[in-house]
Amino acid sequence: MDDPRAELLIRYGGGFTTEPVVRARGSWLETASGSRVLDFTAGQICATVGHNHPRVMAAIERSLESVIHLNSWMLSPPVLDLAEALLATVPPPLERAMFLSTGGESVEVAVRMAKLSTGRFEVASLTRSWHGLTGGAAALTLAAGRRGYGPTLPGSFALPAPYAYRCPVRACDGECDCTCLEAGFDLFDQASVGSPAAVVAEPVLSAGGVIIPPPGYFARLVDLCAERGMLVIFDECQTGLGRLGTMYGFQRYGVVPDFLVLSKTLGGGVPIGAVVTSAAIEERCHELGFIHVTSHVSDPLPAAAALAVLELVSGEDLPARAERAGARLARHLGELAGRHEAIGEVRGMGLLLGVELIEDRDSRRPAEALGVALSEECERRGLSINLVRGGTGGAANCLRIAPPLTVSDDEIDLAAEIIDTSLAAVATPTRS
Ligand SMILES: Cc1ncc(COP(=O)(O)O)c(C=O)c1O
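## So, the packing of aromatic side chains
Now for step 1: Summed over the entire model, instances satisfying the criterion amount to 7 aromatic pairs.
Now for step 2: Grouping aromatic residues by their ring pairs yields a cluster made of Tyr 217, Phe 218, Phe 234 and Tyr 253.
Now for step 3: A cation over an aromatic ring shows up here: Arg 36 above the ring of Trp 28, its NZ or CZ 4.2 Å from the ring centre.

## A closer look at the side chain of Arg 243
Now for step 1: Along the chain, the position of Arg 243 falls in the loop between strand E8 (231–235) and strand E9 (259–262).
Now for step 2: Despite its burial, Arg 243 pairs with no opposite charge; the closest candidate is Asp 39, at 9.0 Å N-O.
Now for step 3: In this structure the side chain of Arg 243 is engaged in a polar contact, spanning 2.7 Å, whose partner is the backbone oxygen of Leu 351.

## A word on the site of the ligand
Now for step 1: Taken together, Thr 102, Gly 103, Gly 104, Trp 130, His 131, Gly 132, Glu 202, Asp 235, Cys 237, Gln 238 and Lys 264 form the complete shell of residues around the ligand.
Now for step 2: In this structure, an oxygen atom belonging to the ligand sits 2.7 Å away from a main-chain N or O atom of Gly 104.
Now for step 3: Side-chain polar atom of Gln 238 to an oxygen atom of the ligand: 2.9 Å apart, as the coordinates give it.
Now for step 4: Taken together, the residues of the shell around the ligand sort by class into 2 nonpolar, 6 polar and 3 charged.

## A look at the packing of helix H2 (residues 54–65) against helix H9 (residues 300–315)
Now for step 1: Where H2 meets H9, the closest approach of the two axes is 8 Å, and the angle between their N-to-C directions is 155°. In terms of axis orientation, H2 runs roughly antiparallel to H9. Where H2 crosses over H9, the handedness of that crossing is right-handed. Across from Arg 55, Val 56, Ala 59, Ile 60, Ser 63 and Leu 64 in H2, the residues of H9 making contact are Pro 300, Leu 301, Ala 304, Ala 305, Ala 308, Val 309, Glu 311 and Leu 312.

## With respect to the pattern of salt bridges
Now for step 1: Scanning all chains against the criterion turns up 21 salt bridges.
Now for step 2: Between Arg 228 and Asp 189 there is a salt bridge whose closest N-O contact spans 2.6 Å. Linking Arg 228 in helix H7 (residues 217–228) with Asp 189 in helix H6 (residues 179–191), this pair joins segments that are 39 residues apart in sequence.
Now for step 3: On the accessibility criterion, Asp 189 (36% relative accessible area) is partly exposed.
Now for step 4: Each of the salt bridges in this network shares a partner with another, and the network as a whole consists of Arg 166, Glu 345, Arg 347 and Glu 356.

## Some remarks on the environment of Tyr 217
Now for step 1: Relative to the helices and strands, Tyr 217 is located in helix H7.
Now for step 2: Using a relative accessible area of 0% as the deciding quantity, one classes Tyr 217 as buried.
Now for step 3: Residues Tyr 217 and Ser 156, 61 residues apart in the sequence, show an inter-C-alpha distance of 21 Å.
Now for step 4: Other than its neighbours up to four places away in sequence, Tyr 217 contacts Leu 126, Pro 160, Pro 162, Cys 178, Cys 180 and Leu 181.

Definitions and limits used
Residues numbered from 1 in each chain as written. Predicted model: local features only at pLDDT ≥ 70, side-chain atom pairs only at ≥ 80, totals over all residues. Heavy atoms only, no water. Phe/Tyr/Trp six-rings, centres within 6.5 Å; stacked < 30°, edge-to-face > 60°. Lys NZ or Arg CZ within 6 Å of the ring centre and 35° of its normal. Helix = DSSP H or I, 4+ residues; strand = E, 2+ residues; numbered from the N terminus. Buried < 20%, exposed > 50% of the residue type's maximum accessible area, 1.4 Å probe, protein only. Lys, Arg positive; Asp, Glu negative; His and termini not counted. Salt bridge = Lys/Arg side-chain N within 4 Å of Asp/Glu carboxyl O. Polar contact = N/O pair within 3.5 Å; in protein donor to acceptor, adjacent residues only side chain to side chain. Near = heavy atom within 4 Å. Nonpolar A, V, L, I, M, F, W, Y, C, P; charged D, E, K, R; others polar. Axes fitted to C-alpha atoms, helices over the stretch in contact; angles between N-to-C directions. Parallel < 35°, antiparallel > 145°, perpendicular 65-115°, else oblique. Left-handed = near helix turned anticlockwise from the far one by under 90°. Contact = heavy atoms within 4.5 Å.

Here you go:
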C-alpha cells in the first residue's frame with residue numbers, strides 16, 4: 001500500500017493492495033491516482049448488484065431520513081418487509097427468518113439453534129470449508145486460520161470435501177462418486193460420543209478452491225443426516241441470491257435444508273446476515289428459551305439495503321443473468337486452459353468460477369508462486385481477482401472469479417483478455 005498510514009492498521013490477512021480505493025460503481029473501482037480496476041471479486045463477494053447501485057443507495061438514504069438503528073426488541077418496516085420478501089423466495093418448511101450482521105455470526109446462530117432444538121452438540125463440516133472466524137464458526141472452518149489459536153470447540157468433526165481433482169480418499173479422479181461422503185460419515189460414527197446435531201456445508205466450497213459437489217451429493221448427505229437425526233445447515237453466504245444461477249444453491253441439488261444461512265450477497269455491500277429455518281424449529285427453540293440478542297439484530301438500515309438487493313435480484317432475474325454470464329466466462333476460461341499448460345482445471349457454477357493453477361499436468365503440483373504472480377499481474381493490468389486454496393496442504397493456487405451478477409458481456413471479455421495476457425507474461429510454457 002503506497003500510503004504510509006497503512007502501517008497504522010493491524011494486518012489481518014497478509015498485506016493490502018497497492019492504492020486506496022476512492023470510488024466504486026457497478027463492476028469498477030477507481031483508485032486514488034485515478035486508475036480503474038475491474039472488480040471480479042465483487043468486493044468480498046458482497047457487491048451482488050454491482051457497487052453502489054442507485055436503488056441500494058436510495059434505500060440507505062431513506063433509512064438515514066427515517067431510522068438507522070433500534071433497540072433489539074423493536075421492529076421496523078424494513079425488517080418486516082424483508083422477512084416477508086425473503087421468505088417468499090424459499091420453499092416450505094422454511095418459514096422464519098432472523099437478521100444479524102455477518103456471515104460468521106449467522107452460522108453461529110444456526111448452529112446454536114440446531115444444538116438447542118436437538119439437545120445435542122456434535123456438528124460436522126467439510127474440509128476446505130469456510131464458515132467464519134468467530135469461535136463456533138471457526139471450529140467448523142477448515143480451509144484456513146486454524147493454527148495458533150488453541151483448541152476449537154469440542155464436538156466439531158470434519159467430513160472430506162468432494163474434491164474430484166484431488167480426491168481426499170483417493171477413490172476417483174475428475175468425477176466424484178461420493179465415496180468421500182460415505183467414508184466421512186463412517187469416521188464420524190466411530191468418533192461420535194452419541195450426540196449428532198448437525199452438518200454445515202456450502203453448496204460450492206468457495207474459499208477452499210471453488211469445489212463443486214457432484215449432483216447427488218447433497219441428497220445423499222440429507223439422507224445420511226436424517227438417519228442420525230442431524231439437521232442440515234446450508235451456508236449460502238456466498239451462493240445465495242443468484243450467484244450459482246438459481247436463487248439459492250440448494251435448488252441446484254434438489255434438496256431443502258433445515259437452516260439456510262445468508263450474508264455477503266444479501267446486503268449488496270452493507271453488513272447483514274440472515275438465518276432462515278422452519279416454524280417447528282423456531283417454535284421448539286423459543287419454548288426452550290432461545291436467546292441470541294446482539295447490538296445490531298433486526299437493524300432497519302441493513303434490512304432496507306438487503307430488501308433493495310433482493311428486489312433487484314428477483315425483479316431483474318439476476319440468477320438467469322448469472323447463469324448466462326457464467327457460461328460466457330467459463331467458455332473463455334476453458335479456451336485459455338486449452339492454451340496455457342499452467343491451468344489444471346476450470347470449474348464453477350453460475351458466476352462463481354475457479355481456475356486451478358498447476359506446475360504441470362502430470363504431477364498437478366499446485367503452482368502457488370505462479371498464482372501470486374498472476375493475481376499481481378492482473379491487478380497491474382486493472383483486474384482484481386482472488387487467490388484461494390485449491391492445492392494440497394492448503395496451497396493458494398486457485399483463482400476465484402466472482403464478479404457482480406450485473407457484469408456486462410464486455411467486462412467479461414475484457415477480464416478474460418487480461419487473464420490471458422497476464423498468464424502469458426508470468427507463465428511458461430504456453431500451448432500453441
Ligand atoms: C461461505 C461463507 N460463510 C461464512 C463466511 C463468514 O462471513 P463473515 O466474514 O461475514 O463473518 C464467509 C466469509 O468469507 C463465507 O465465505
